[in-house]
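Structural characterization, general
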Protein chains: 10
Amino acid sequence: MNKAEVTGMILAKKKQTGITWASMAEAIGMSEVFTTSACLGMNSMPRDKADKLATHLGLPQEAGPVLAEFPTKMFEQSIPTDPCIYRLYEIVGVYGQTLKELIQEKGGDGIMSAIDFEMYVEKIPDPKGDRIEIKMSGKFLPYKNW
Amino acid sequence: MNKAEVTGMILAKKKQTGITWASMAEAIGMSEVFTTSACLGMNSMPRDKADKLATHLGLPQEAGPVLAEFPTKMFEQSIPTDPCIYRLYEIVGVYGQTLKELIQEKGGDGIMSAIDFEMYVEKIPDPKGDRIEIKMSGKFLPYKNW
Amino acid sequence: MNKAEVTGMILAKKKQTGITWASMAEAIGMSEVFTTSACLGMNSMPRDKADKLATHLGLPQEAGPVLAEFPTKMFEQSIPTDPCIYRLYEIVGVYGQTLKELIQEKGGDGIMSAIDFEMYVEKIPDPKGDRIEIKMSGKFLPYKNW
Amino acid sequence: MNKAEVTGMILAKKKQTGITWASMAEAIGMSEVFTTSACLGMNSMPRDKADKLATHLGLPQEAGPVLAEFPTKMFEQSIPTDPCIYRLYEIVGVYGQTLKELIQEKGGDGIMSAIDFEMYVEKIPDPKGDRIEIKMSGKFLPYKNW
Amino acid sequence: MNKAEVTGMILAKKKQTGITWASMAEAIGMSEVFTTSACLGMNSMPRDKADKLATHLGLPQEAGPVLAEFPTKMFEQSIPTDPCIYRLYEIVGVYGQTLKELIQEKGGDGIMSAIDFEMYVEKIPDPKGDRIEIKMSGKFLPYKNW
Amino acid sequence: MNKAEVTGMILAKKKQTGITWASMAEAIGMSEVFTTSACLGMNSMPRDKADKLATHLGLPQEAGPVLAEFPTKMFEQSIPTDPCIYRLYEIVGVYGQTLKELIQEKGGDGIMSAIDFEMYVEKIPDPKGDRIEIKMSGKFLPYKNW
Amino acid sequence: MNKAEVTGMILAKKKQTGITWASMAEAIGMSEVFTTSACLGMNSMPRDKADKLATHLGLPQEAGPVLAEFPTKMFEQSIPTDPCIYRLYEIVGVYGQTLKELIQEKGGDGIMSAIDFEMYVEKIPDPKGDRIEIKMSGKFLPYKNW
Amino acid sequence: MNKAEVTGMILAKKKQTGITWASMAEAIGMSEVFTTSACLGMNSMPRDKADKLATHLGLPQEAGPVLAEFPTKMFEQSIPTDPCIYRLYEIVGVYGQTLKELIQEKGGDGIMSAIDFEMYVEKIPDPKGDRIEIKMSGKFLPYKNW
Amino acid sequence: MNKAEVTGMILAKKKQTGITWASMAEAIGMSEVFTTSACLGMNSMPRDKADKLATHLGLPQEAGPVLAEFPTKMFEQSIPTDPCIYRLYEIVGVYGQTLKELIQEKGGDGIMSAIDFEMYVEKIPDPKGDRIEIKMSGKFLPYKNW
Amino acid sequence: MNKAEVTGMILAKKKQTGITWASMAEAIGMSEVFTTSACLGMNSMPRDKADKLATHLGLPQEAGPVLAEFPTKMFEQSIPTDPCIYRLYEIVGVYGQTLKELIQEKGGDGIMSAIDFEMYVEKIPDPKGDRIEIKMSGKFLPYKNW
């Protein structure tokens with residue numbers, strides 16, 4: 001059993017039962033974004049969370065260790081084509097240099113970590129049309145001199 | 001005078017005077033991210049803001065209309081190489097499918113707009129190491145059926 | 001059962017029975033372009049339309065929910081090779097900057113949405129050779145300042 | 001004097017005088033799309049129209065013949081990055097196979113010409129938000145058997 | 001049964017029986033180039049020719065309709081590697097601009113159609129070494145002004 | 001003085017005087033295609049022809065030797081974007097495998113040379129619309145066994 | 001049975017029996033390089049040599065005709081990654097222009113054929129470390145003028 | 001003065017005086033291939049050879065040290081387009097795996113060095129058409145185990 | 001049985017038994033890096049080590065010879081996407097020119113071999129956060145003059 | 001004055017005076033690798049080190065602040081062509097997955113930082129041929145769960 005197979009099982013369960021990512025996340029006490037990314041094979045869950053999720057969804061017992069394996073993160077489209085994902089890519093293209101300017105103005109020469117990192121996404125009701133809010137928080141890492 | 005030349009003037013002023021993006025933004029009553037992106041030639045400022053900024057920085061008068069021109073947004077590296085910008089690209093690669101799942105679970109088949117969109121970036125002090133926080137808010141656009 | 005399998009079933013039915021996209025669209029009261037794109041796996045139908053189409057074509061009952069799933073839109077050829085599709089790509093290449101100039105002259109800095117969007121295609125008889133007419137209508141989205 | 005220089009002169013005039021593409025098109029009795037594309041160096045105007053436009057804008061006399069030269073059409077970004085142009089590219093990606101199905105259902109094995117072709121773009125007021133309408137008309141060319 | 005499977009059957013027959021493309025073309029009264037391209041899945045034969053060929057080669061009856069289906073033309077190598085095909089690509093690279101100059105000198109701004117198009121290939125005996133001759137004929141399409 | 005400069009001079013002369021590629025070719029007793037390709041810097045003329053052409057066009061004397069230099073053939077767009085040149089590329093994509101089948105059926109395992117090669121292009125009047133005819137002749141080169 | 005399958009059989013035999021490319025080549029009286037390339041599916045053997053090799057290796061009788069088929073030469077990595085093959089690619093990159101200068105200084109405007117071509121490879125003992133020697137011989141083809 | 005400028009001077013001298021690469025190589029007692037590659041900026045000459053060549057060609061004195069500088073080897077076309085250079089690339093594509101098989105059959109797991117490497121090129125008269133011979137010799141480097 | 005299958009068996013054993021790369025390396029008396037790379041199919045083990053490892057892990061006997069086969073090293077992502085591997089790629093991008101300057105300052109015009117090469121990786125405890133240390137040692141190869 | 005210009009000045013000084021990277025590094029009390037990378041524009045020096053270096057080399061005073069500016073790190077060749085740099089890229093390709101396995105076996109799911117990172121390079125005399133040693137040390141960053 002590998003990560004792709006476990007992802008397939010989870011998506012099939014989701015379709016059958018209508019269970020949401022939100023409720024899966026709640027069931028194991030982790031965030032929606034992290035839970036979803038681990039289920040899609042892009043992160044490794046701590047073993048206890050992984051086992052809990054497997055039990056919660058009624059997956060075979062071997063699914064737990066697989067969810068806890070360290071993935072090799074492959075994203076095959078260097079420019080994503082799905083419109084929902086492309087818009088995020090476009091934001092990096094349009095605002096990437098801007099974010100660099102502001103991060104480095106605030107913190108000096110360095111970056112925002114994508115490893116010591118967390119992210120949240122919400123839908124916010126709005127009379128002029130609902131909005132999606134994404135919040136990212138990553139550790140500031142200054143370049144080392146030596 | 002074109003956008004690239006005005007960007008050059010602004011960066012030169014910044015170097016000479018040490019003025020920050022934050023203070024430029026404050027001076028014209030716009031956000032840091034939008035102000036910076038417009039100065040880098042990736043957005044168009046409303047004419048009155050543009051003129052105010054030109055005056056504030058002591059740029060030639062023609063700079064105002066140029067900052068108000070509609071740009072053609074070109075990002076030449078389809079995969080950015082600067083580490084600070086690459087980390088953002090990596091986040092889209094690693095979490096793109098996750099964000100799509102969650103946006104569409106919350107809102108139905110649709111996307112977060114990158115046009116009716118705003119973004120904020122802050123450095124948050126933290127005893128375990130300061131953090132960078134990025135907040136995005138984009139209108140949810142459902143796919144139309146017809 | 002996934003979207004690719006349902007597409008395969010629809011294309012097989014079409015071949016056997018000679019049913020057209022036009023008549024499928026009419027049967028469910030949606031446009032030809034949207035109906036075809038959903039059958040090819042590039043859009044999600046409302047559940048009732050999806051069930052109606054499944055019944056109309058004599059597909060297995062599970063096909064309905066599948067047609068209603070939200071797709072991940074993948075287009076694998078960044079430059080299409082089929083001559084019929086390439087001509088559309090060429091039009092974007094040759095007239096893209098022109099359309100941008102005219103859209104922004106008419107509406108200010110902004111774009112035509114590809115999400116809040118509809119499209120129609122017709123063949124128009126013409127003594128000098130029949131013509132194909134394509135009409136697109138997308139919401140104008142102005143860039144937000146903040 | 002070459003096409004790029006004439007384009008530069010026209011854009012400079014436009015900026016100085018505020019003249020629109022629409023009024024240039026009207027002045028020479030051609031459509032907005034064709035006029036704009038020729039001014040941007042992507043089409044050749046008939047000589048008389050070219051001279052009329054040069055006179056109308058007060059360009060040097062040599063500009064006329066240059067606007068009438070046959071261009072080599074180069075589009076440097078195989079995937080456009082400007083959001084306004086990318087949306088058109090995305091439409092080809094998402095709906096390309098759909099349009100092929102419908103064109104060939106209506107006309108047999110063949111294509112819509114991008115040469116014997118015309119296009120119009122309008123902004124249509126709409127209480128739910130203005131819309132952009134694009135109409136294309138291209139000759140249907142059936143594949144020849146031999 | 002799809003086009004790739006029919007191509008497979010034809011190539012297998014060819015290997016078994018030694019029948020040539022030339023004789024297949026003659027049997028159905030079409031040209032060698034068109035017949036071969038349709039058998040390789042790159043063109044659609046008129047239904048009667050397709051049925052005739054299926055009978056002639058002793059293929060199953062369903063092969064006829066498949067040969068008559070409209071193909072989606074995919075060429076996976078944007079730069080072909082087979083030396084025999086690369087030489088043709090090289091000719092387009094080396095002489096492309098030359099052909100454009102001469103076509104447009106002779107016909108005005110326009111192109112040679114690749115749709116209303118035919119092609120022939122022959123081997124011509126020559127004491128200094130046999131030669132291959134390729135003849136192409138495509139309708140001249142002038143760019144439309146509007 | 002280099003090949004690009006000489007090409008520039010010839011194109012300028014052509015524009016001023018209206019001289020055609022056909023008449024240049026005739027003046028030096030070479031074919032239109034070869035003459036044009038050498039003027040565009042993609043072939044080397046024999047020295048006497050080169051000098052004759054330089055004299056005929058009233059170019060500086062140094063242009064002769066430059067036209068006789070051996071070029072490094074660079075074609076910068078691996079997929080050409082100009083529609084007139086793209087159609088030739090498309091023909092290689094659609095018919096490349098077909099031509100290989102027929103060349104090798106007629107001559108055995110081998111290729112058509114693009115070096116020991118000549119090509120002609122004509123416009124042929126036709127009541128249903130004029131046609132462009134291209135004729136290529138290349139030496140057949142069988143693969144050597146050793 | 002196709003070329004890939006025959007290659008698989010030959011490699012399996014090689015592994016089982018320890019037979020070398022050198023001894024296969026000797027057994028059929030052809031060179032090592034040509035024999036190996038034909039076994040790997042990159043060249044076609046004359047039918048009698050192919051049959052001899054099939055018999056020599058104890059392959060099924062159908063393998064002979066397959067080795068004699070004309071291959072379509074595909075090399076999937078445009079920049080090879082295996083270090084042994086990359087070094088050859090690097091030599092073309094570093095010395096390509098040099099070889100062109102010297103070939104054309106010696107022979108005039110032309111090329112070394114890769115079709116009427118042969119190649120040998122040897123290991124030469126050397127006290128300072130053994131060396132690999134590769135010898136290529138290709139017909140000089142002068143560009144034709146016409 | 002940089003390597004590109006020195007290359008330009010040498011090529012200009014060559015054009016003026018007709019001096020060959022062969023005679024330059026002889027004058028400094030090095031091989032034709034190495035001498036040419038160093039003059040084209042792809043290798044560094046020992047300082048004494050560099051000075052000798054500068055003197056021999058009547059270049060300014062600073063040219064010597066520049067020819068002796070260590071170059072950064074850049075080859076901008078990952079697939080070369082010039083037919084003379086492409087044929088070499090094609091040979092790597094067609095015969096790369098073959099050479100790897102033979103080098104490793106003869107020497108074990110390892111490669112032919114492209115650094116401890118030398119190459120020679122000759123034109124060999126032949127009644128059936130002159131031939132180009134290229135000889136390469138590179139040190140065999142076995143992979144280290146540790 | 002091929003290298004990919006043996007890699008699969010080793011990874012499965014590792015998962016079942018929890019055996020580490022470190023202990024496998026120790027069991028056969030080779031380094032961790034080399035042992036791991038050979039198990040992943042990127043190097044060939046000496047036959048005795050390969051047999052020893054197969055026995056140690058309880059793999060089928062044929063696994064030994066397979067681990068000793070010479071691999072064709074393929075790395076499919078020219079820019080790796082996994083963050084752990086990308087950081088190494090980034091180091092080459094950011095520091096590549098720096099390393100070249102320093103290697104050549106210390107050794108003259110030449111390179112560090114990736115063939116006569118060894119590498120070690122360790123985790124070093126550190127109160128400010130543990131560190132990873134990588135040590136590479138490759139033979140210096142000076143460019144040959146000839 | 002920008003970073004590229006300061007790099008140019010430093011390289012020119014180096015050529016004139018023969019000063020080494022090692023001695024520059026020693027003069028300012030930083031490592032060779034960091035000093036060289038900052039001089040090549042790939043890192044920012046602390047202001048006092050930057051001023052010291054400018055003085056040490058006799059550069060204009062403005063060079064100090066420029067060396068202290070935060071660079072945008074661009075590496076234009078995604079696959080480097082210079083053999084000395086390519087070998088490092090090849091090491092990432094061949095050993096990337098191996099290093100990931102070992103780093104994560106030792107530290108859990110995480111990466112080696114390329115930001116909190118240092119590197120050293122030495123030439124080590126060796127009777128069998130001198131060796132280059134590269135040592136990297138980067139902080140281990142575990143993936144955060146949230």
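Basis of the calculations
- Residues numbered from 1 in each chain as written.
- Chains lettered and ligands numbered in written order.
- Predicted model: local features only at pLDDT ≥ 70, side-chain atom pairs only at ≥ 80, totals over all residues.
- Helix = DSSP H or I, 4+ residues; strand = E, 2+ residues; numbered from the N terminus.
- Contact = placed C-beta atoms within 7 Å.
- Least-squares fit on C-alpha atoms with pLDDT ≥ 70 in both.
- Axes fitted to C-alpha atoms, helices over the stretch in contact; angles between N-to-C directions.
- Parallel < 35°, antiparallel > 145°, perpendicular 65-115°, else oblique.
- Left-handed = near helix turned anticlockwise from the far one by under 90°.
- Nonpolar A, V, L, I, M, F, W, Y, C, P; charged D, E, K, R; others polar.
- Pairing = 2+ DSSP bridges.
- UniProt positions renumbered as here; feature names shortened; annotations may be inferred.
- Domains from an automatic or database assignment.

1. Brief notes about the environment of G:Leu88
Along the chain, G:Leu88 falls in helix α6 (residues 83-107). In sequence terms G:Leu88 and G:Thr36 are 52 residues apart; their C-alpha atoms lie 17 Å from each other. If sequence neighbours within four positions are ignored, G:Leu88 has contacts with H:Val92, H:Gly96 and H:Leu99.

2. Side note on the relation of the copies chain I and chain B
In screw terms, the move from chain I to chain B is a rotation of 180° and a rise of 0.0 Å along the axis, fitting with an RMSD of 0.0 Å. Taken together, the turn and the small shift mark the pair as related by a two-fold rotation axis. When each C-alpha of chain I is compared by its distance to the rotation axis, I:Ile79 comes out closest, at 4.6 Å. Comparing interface residues between copies, 100% of those in chain I also lie at the interface in chain B; the contact surface is shared.

3. Concerning the packing of helix α2 (residues 21-28) of chain C against helix α4 (residues 47-57) of chain C
Residues and elements named next belong to chain C. At a closest axis distance of 9 Å, the pairing of α2 and α4 adopts a crossing angle of 125°. By the angle between their directions, the pair α2 and α4 is classed as oblique. The two elements α2 and α4 cross, and the hand of that crossing is right-handed. Where α2 approaches α4, its residues Met 24, Ala 27 and Ile 28 are matched on the opposing element by Lys 49, Lys 52, Leu 53 and His 56. Here the residues of the contact of α2 with α4 sort into four nonpolar, one polar and two charged.

4. Focus: the sheet that holds strand β2 (residues 131-142) of chain J
Strand order in this open sheet of four strands is β1(I)-β2(I)-β2(J)-β1(J), and the pairing throughout is antiparallel. The sheet is open, and its two borders are formed by β1 (110-124) of chain I together with β1 (110-124) of chain J, each paired with just one other strand. When strand polarity is set aside, the average angle formed by the axes of neighbouring strands in this sheet is 15°. Bridging between β1(J) and β2(J) involves eleven bridges; their strand directions are antiparallel. Looking across to β2(J), one finds that J:Ile111 is bridged to J:Leu141.

5. So, the interface of chain I and chain B
In this complex, chain I contributes five residues to the contact, which on the side of chain B involves five residues. Along the lines of polarity and charge, the residues of the side of chain I that touches chain B split into two nonpolar, two polar and one charged.

6. Examining the interface of chain C and chain D
The interface is formed by 55 residues belonging to chain C together with 55 residues belonging to chain D. Considering each element in turn, the side of chain C that touches chain D owes the most residues, 23 residues, to helix α6 (residues 83-107) of chain C. Taken together, the residues of the side of chain C that touches chain D break down into 28 nonpolar, twelve polar and 15 charged. The pairing of strand β2 (residues 131-142) of chain C with strand β2 (residues 131-142) of chain D spans nine bridges and is classified as antiparallel. Looking at the pairing, C:Lys139 lines up with D:Arg131 of β2(D).

7. Things to note about the UniProt feature "active site" (unreviewed entry) in chain A
Annotation from UniProt places "active site" (unreviewed entry) at A:Arg87, A:Glu90 and A:Ser113. Looking at where A:Arg87 falls in the secondary structure, it is placed in helix α6 (residues 83-107). With near-sequence residues (within four places) excluded, A:Arg87 lies in contact with B:Ile111, B:Met112, B:Ser113 and B:Ala114. Inspection of the secondary structure puts A:Glu90 in helix α6. Apart from the residues within four sequence positions on either side, A:Glu90 is in contact with B:Ala114 and D:Pro83.

8. Notes on the domain arrangement of chain A
By domain assignment, chain A separates into domain 1 (3-68) and domain 2 (83-142). Distance from the C-alpha centre of domain 1 of chain A to the C-alpha centre of domain 2 of chain A: 26 Å.

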